[in-house]
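Structural overview for review
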Amino acid sequence: MPRQGINTLSVLLAVAWPVLVFVLHGHVGSWPLLVAGAALLAWRMSQARYLAIMVAVLMLVLGGLGYADLGMRAYPVAINALMLAVFLSSLWRGMPIVERLARLKEPDLPPTGVAYTRRVTWAWCGFFVLNGSIAAWTALYADLATWTLYNGVISYGLIALMFSGEWLLRHRLRRSLS
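Summarised in this report is the structure supplied together with it. (Residues numbered from 1 in each chain as written. Predicted model: local features only at pLDDT ≥ 70, side-chain atom pairs only at ≥ 80, totals over all residues. Heavy atoms only, no water.)

Next up on the list: the overall build of the protein. Helix and strand counts for the protein stand at eight helices and zero strands. Along the protein, from the amino end to the carboxyl end, the secondary structure elements read α-α-α-α-α-α-α-α. Over its C-alpha atoms, taken along the principal directions, the protein stretches across nearly 60 × 30 × 30 Å. The proportion of buried residues among the 178 residues of the protein is 35%. Considering only residue pairs separated by 6 or more positions, the protein has 66% of its internal contacts joining residues 24 or more positions apart. Looking at the protein as shown, the accessible area adds up to about 10,500 Å², and 71% of this sits on carbon and sulfur atoms. In the protein, the 14 positive side-chain charges and the 6 negative ones have mean positions that sit 4 Å from each other. (Helix = DSSP H or I, 4+ residues; strand = E, 2+ residues; numbered from the N terminus. Buried < 20%, exposed > 50% of the residue type's maximum accessible area, 1.4 Å probe, protein only. Contact = heavy atoms within 4.5 Å. Areas by Shrake-Rupley, 256 points an atom, 1.4 Å probe, with all protein chains shown as cover. Lys, Arg positive; Asp, Glu negative; His and termini not counted. Charge placed at Lys NZ, Arg CZ, Asp CG, Glu CD.)

Pasting the structure below:
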């Protein structure tokens with residue numbers, strides 16, 4: 001399989017992870033899913049490779065301590081924590097993530113745009129804290145169906161809402177400045 005096909009497959013697996021866990025857990029159990037999730041996490045999070053590997057190892061340690069189900073369910077918590085780390089670190093080192101993305105479309109971003117992208121990066125940090133906290137609660141206290149519903153459906157809806165809200169706000173601000 002070509003590299004692009006492998007990357008596409010890994011993205012699909014990452015996005016579908018909660019649903020895959022729900023469908024496969026009764027057939028294969030927690031351990032194989034924990035190992036697959038830890039491997040997927042370590043491989044997919046290239047922006048924070050070393051940290052992703054450490055978190056994947058921690059998930060496996062949870063399994064080794066007798067909490068394989070919790071380690072398996074920790075995947076969405078780990079993703080949120082890693083994304084928080086990537087976004088936060090970009091605020092202190094180099095260019096914030098959202099500014100980098102904005103400059104792909106508008107290389108000569110004005111100072112107001114730079115300030116706006118910094119605020120949006122902070123907003124995403126807040127999102128990752130909230131979403132990761134809810135994901136942690138579902139991993140610890142909810143049944144598998146509720147965990148899957150939140151992490152495989154509701155959280156993606158919240159991400160879409162965040163993107164849409166920011167897009168609408170950005171366009172409204174641009175019109176008011178024009």
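Attention now moves to the pattern of salt bridges. If you walk through the whole model with that rule in mind, you get three salt bridges. Between R103 and E99 there is a salt bridge, with the nearest N and O atoms lying 2.9 Å from each other. Taken together, the residues span about one helical turn, with R103 and E99 both in helix 6 (residues 97–105) at a distance of four residues. Here R103 falls in the partly exposed class, since its relative accessible area comes to 24%. Here E166 and R170 are joined by a salt bridge, their closest N and O atoms 2.9 Å apart. (Salt bridge = Lys/Arg side-chain N within 4 Å of Asp/Glu carboxyl O.)

Now for the packing of aromatic side chains. According to the stated counting rule, one finds eight aromatic pairs in the structure shown. When the ring of W124 is compared with that of F127, the centres are 5.3 Å apart and the planes differ by 75°; the resulting orientation is edge-to-face. Of the two residues, W124 and F127 are both situated in helix 7 (residues 111–141); the distance of three residues between them amounts to about one turn of the helix. By relative accessible area, F127 is classed as buried at 11%. Measuring from centroid to centroid gives 5.7 Å for W124 and F128, while their planes differ by 35°, and the two rings are tilted. Note that W124 and F128 are positioned in helix 7 at a spacing of four residues, about one turn of the helix. For W124, a relative accessible area of 8% puts it in the buried group. A relative accessible area of 9% places F128 in the buried class. Connected via pairs of aromatic rings, a cluster forms that spans F87, W124, F127, F128 and F163. (Phe/Tyr/Trp six-rings, centres within 6.5 Å; stacked < 30°, edge-to-face > 60°.)

So, on to a nonpolar patch on the surface. A contiguous nonpolar surface patch, about 400 Å² in accessible area, is contributed by V19, F22, V23, L24 and V28. Residue position: F22 is located in helix 1 (residues 3–28). On the basis of relative accessibility, which here comes to 42%, the residue F22 falls in the partly exposed class. (Patch = residues over 30% accessible without salt bridge, like charges linked within 9 Å, V, L, I, M, F, W, Y side chains within 5 Å.)

Turning to the environment of V98, a few remarks are in order. Mapped onto the fold, V98 is located in helix 6. Each C-alpha atom of the pair V98 and A78 lies 21 Å from the other, and the pair is 20 residues apart in sequence. Apart from the residues lying within four places of it in its own chain, the contact partners of V98 are F87, T117, V120, T121 and W124.

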